[in-house]
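Observations on the model geometry
This is what each chain is made of:
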Amino acid sequence: MPVLNNKLKYRNKIHIKNYFPPKIRRIYSEENSVGQYEKFEIDIVLDDKNIYQNPYDPIEIDVSAIFTAPNGKRFNVPGFIYQGFSLSGSKQLKEYHKPVWKIRFAPNQKGKWSYQVKIKNPRGKDNSGVLFFNCISSDNPGFIRVNKKDNRYFQFDSGKSFYALGENLCWIEPDDPFNFNDYLTKLKRSHQNWTRIWNWPFYLIVEWSKPRAKGLGRFSQPDSWKFDQIIEIAGRKGVYIQMVFNFHGMFIPGDEWENNPYNRKLGGSCKKPQEFFTNQQAKELFKRKLRYFVARWGYSSNILAWELFNEVDLIGNINEDEVVNWHKETAHYLRQNDPFRHLVTTSFSKPNGGDKVWRLKEIDYTQVHSYINDVVTLITSLSKVRQKYRKPCIIGEIAGEITNVKQEAKDKKGIRLHNSLWTSTMSPLAGTAMYWWWYGHIRLNNLYCHYKALDEFTKDIDWQNLRLVPINAEIEVKDQDRGDVIISPILNWEPSTGSKFRIPSNGFIKSDGRLSKYFHASYHSQWRVTPTFDVTYSEDGIFSIYIFQSSWLGAGLKIVLDDKVVLEKRFPPAAKDTIINQEYRIKIPAGHHVIKVVNDGRDWMNVSWIKFCNKASPRLRVVGLQNRNFAIVWCKNRQSTTENYLEHFTLKPVQGAKIKVLGLNRGNYRVEYWDTYKGKVFKRQNLKTKGNILELNLPAITTDIACKIRRKRK
């Protein structure tokens with residue numbers, strides 16, 4: 001008599017005559033006691049002759065255990081089949097024993113636990129007797145959760161705050177002499193505590209087509225064993241991992257879709273990549289893979305979160321509602337079946353993308369990915385906008401170059417990396433921005449010192465109890481320390497959310513939204529805006545705009561000054577999109593003006609930045625966080641940029657500047673001035689408020705400094 005699951009119409013019939021009833025022969029564990037939140041591992045030997053055909057299909061063979069805590073709470077934990085390997089001198093894996101079933105668990109309560117192993121297949125089932133182990137104290141603070149006191153941040157189960165400080169470490173390049181142990185050691189020594197690691201076909205992947213892996217619904221034991229080693233090393237180094245299940249290229253024709261086992265041509269059920277989000281078979285098989293991840297690595301508190309997709313919006317022609325529903329269903333499955341309740345997130349390529357997904361209660365925190373020269377503007381802008389979701393926000397990827405690492409690596413001092421780290425720390429984010437170029441830039445130029453310096457500054461900050469908000473400050477500089485204002489569009493292939501800008505003399509730009517890099521024309525009229533700048537020049541100056549690229553359909557630039565066209569440039573049609581890389585400038589007389597940028601061509605032009613030269617805004621940029629008794633402030637010379645470094649520009653220190661921190665409680669304060677490159681205090685002073693204002697006379701600033709301000713206790 002056949003067995004058929006009617007919910008899974010794609011499944012072949014399972015004939016009972018092909019199966020024997022399952023039988024547990026032996027259960028053993030190397031330990032009778034385990035530390036709280038540490039791994040308790042059970043090996044299960046089955047009488048496995050003809051009890052399953054595919055060990056990764058829980059309908060064919062389901063091994064699990066029920067763990068009962070000292071307080072009576074029960075945890076249902078799936079098991080998995082395990083193949084052990086050893087690594088030879090030639091870096092080739094060698095099997096060292098036959099496959100065995102395992103269950104991994106991390107107890108969250110001290111005391112005596114009980115557990116019972118269960119096994120079933122279409123022919124029958126078997127249970128073990130009740131077994132016991134003890135959970136004892138450990139130094140492990142537990143799993144990472146959304147902070148209960150301040151939902152912008154994270155915390156451990158222990159209640160201790162977790163502030164994420166790290167970089168991407170998604171895979172190892174073929175020519176990279178480092179391995180994951182080397183990189184994770186670098187992270188530990190530089191005081192980093194988290195990273196992102198990808199499940200992807202060019203390095204390690206659990207499920208993929210043959211011969212790279214075993215095909216759809218069958219998981220790679222060699223790659224899974226390597227993931228075991230990475231997660232164990234991360235645990236020893238104190239590094240937490242955001243595990244990425246999918247990357248967009250796996251679902252793009254001409255990239256990796258042709259090798260994706262979910263492709264119908266390779267035995268899957270999806271004729272087109274977009275069907276992955278709606279096809280019932282694809283969804284059920286993906287959940288089977290999630291179950292395997294939970295079974296094998298869910299025990300680890302060093303898994304910070306499951307990331308369902310890297311930049312899902314880069315898959316072409318997707319239906320937004322279908323993608324939202326897929327995230328809702330998949331994240332819900334994890335919530336129901338992950339006994340360790342790891343956080344769940346995902347990511348989009350567009351800084352403004354994913355609104356409907358971020359609003360899902362099933363998604364625990366939001367991400368931003370962006371590649372842009374002006375990281376300071378990007379981070380300060382988007383970190384404020386993301387607060388509307390009332391969830392933690394992480395900058396999951398950031399850099400200047402998106403493809404050309406050699407260009408990025410020319411910044412041997414790591415100025416953009418430095419600026420991104422300090423800006424994100426001074427913004428209402430759950431951690432530092434995660435830089436992308438871990439191999440060809442950070443490791444190559446040995447830039448780990450930036451992380452260690454920042455950790456020295458932040459390690460005594462009690463993020464979860466301070467209730468910090470963006471700083472309210474005023475800047476005063478001398479006339480010789482006034483300079484240009486630069487606006488960098490931060491949105492990618494998405495509509496601008498605003499177009500009107502007012503640029504006052506204090507340098508704090510007021511706008512009704514954010515600009516897309518793509519200034520559209522008639523071909524995408526629904527995305528077309530006319531950026532308008534209300535600005536007053538204290539002396540004669542320059543307005544300039546840098547055009548990076550134009551569409552193959554052509555574009556046209558017009559700069560309109562006080563309703564008069566003063567510059568026109570045509571970008572004619574071509575066989576393909578055209579690289580322009582050109583700055584266009586007009587002279588501006590002193591006084592008040594309205595400047596408009598018009599694209600009157602057929603299609604888009606890509607704008608890198610807009611500059612107001614001699615606008616006379618402060619050359620000092622200030623970003624920070626505060627409450628009524630505490631503040632952290634980052635003071636940056638606007639000239640300290642990667643671009644100026646590459647042009648061998650000599651930085652002019654900002655001399656004799658003052659900042660006034662508003663909204664503090666009256667009293668006496670202790671101020672520390674920090675060298676942000678060395679991670680050391682170079683000056684301390686005691687100051688007293690004037691009313692609710694604390695005024696700081698800053699030292700000369702060539703690149704940047706940071707200040708930590710604390711009210712003294714009476």
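As a reminder, the structure under discussion sits directly above these lines.
Conventions and cut-offs
Residues numbered from 1 in each chain as written. Predicted model: local features only at pLDDT ≥ 70, side-chain atom pairs only at ≥ 80, totals over all residues. Heavy atoms only, no water. Helix = DSSP H or I, 4+ residues; strand = E, 2+ residues; numbered from the N terminus. Rg over C-alpha atoms; globule rule 2.2 N^0.38 Å. Buried < 20%, exposed > 50% of the residue type's maximum accessible area, 1.4 Å probe, protein only. Contact = heavy atoms within 4.5 Å. Areas by Shrake-Rupley, 256 points an atom, 1.4 Å probe, with all protein chains shown as cover. Pairing = 2+ DSSP bridges. Salt bridge = Lys/Arg side-chain N within 4 Å of Asp/Glu carboxyl O. Axes fitted to C-alpha atoms, helices over the stretch in contact; angles between N-to-C directions.

Here we take up the overall build of the chain. Per the secondary structure count, the chain includes twelve helices and 43 strands. Relative to the 2.2 N^0.38 estimate, which gives 27 Å for 714 residues, the radius of gyration of the chain is 28 Å and therefore close to what a compact globule would have. On the principal axes, the C-alpha backbone points of the chain span a range of 90 × 70 × 45 Å. Within the chain, the proportion of its 714 residues that are buried is 58%. Contacts in the chain between residues far apart in sequence, at least 24 positions, make up 73% of those at least 6 positions apart. With the model as given, the accessible surface of the chain reaches about 30,600 Å², and the carbon-plus-sulfur share is 47%.

Okay, the pairing of strand β38 (residues 630-637) next. Within β38, eight of the eight residues are buried, which leaves it mostly tucked inside the rest of the structure. Of the two faces of β38, both are covered, the one formed by F630, I632, W634 and K636 as well as the one formed by A631, V633, C635 and N637. Judged from the seven bridges that link them, strand β37 (residues 620-626) and β38 form a sheet pairing that is antiparallel. For L625, the partnering residue across the bridge sits in β38 and is I632. Here β37 folds back onto β38 in antiparallel fashion, the turn holding three residues. Judged from the seven bridges that link them, β38 and strand β43 (residues 704-711) form a sheet pairing that is antiparallel.

This part takes up the pattern of salt bridges. For the coordinates displayed, the defined rule picks out 38 salt bridges. Between E643 and R416 there is a salt bridge, and its shortest N-O distance comes to 2.5 Å. Taken together, the residues span a long stretch of sequence, with E643 in helix α12 (residues 642-646) and R416 in helix α8 (residues 415-425) at a distance of 227 residues. Note on R416: relative accessible area 6%, which makes it buried. In this structure, E583 and R585 form a salt bridge, with 3.4 Å as the shortest nitrogen-oxygen distance. Relative accessible area serves as the criterion here: at 24%, E583 is assigned to the partly exposed category. When salt bridges that share partners are traced, they join K39, E41, D43, K102, R104, D228, E232 and R296 into one network.

Here the focus is the sheet that holds strand β5 (residues 40-46). Ordered by their spatial adjacency, four strands build an open sheet running β3-β5-β11-β8, and the pairing between neighbours is antiparallel. Both outer strands of the open sheet, β3 (24-28) and β8 (80-82), are each paired with one neighbouring strand and no more. With direction set aside, neighbouring strand axes in the sheet form an average angle of 35 degrees. Bridge analysis of β8 against strand β11 (residues 100-105) gives three bridges, and the strand direction is antiparallel. Its bridge partner being in β11, I81 is matched across the sheet by W101.

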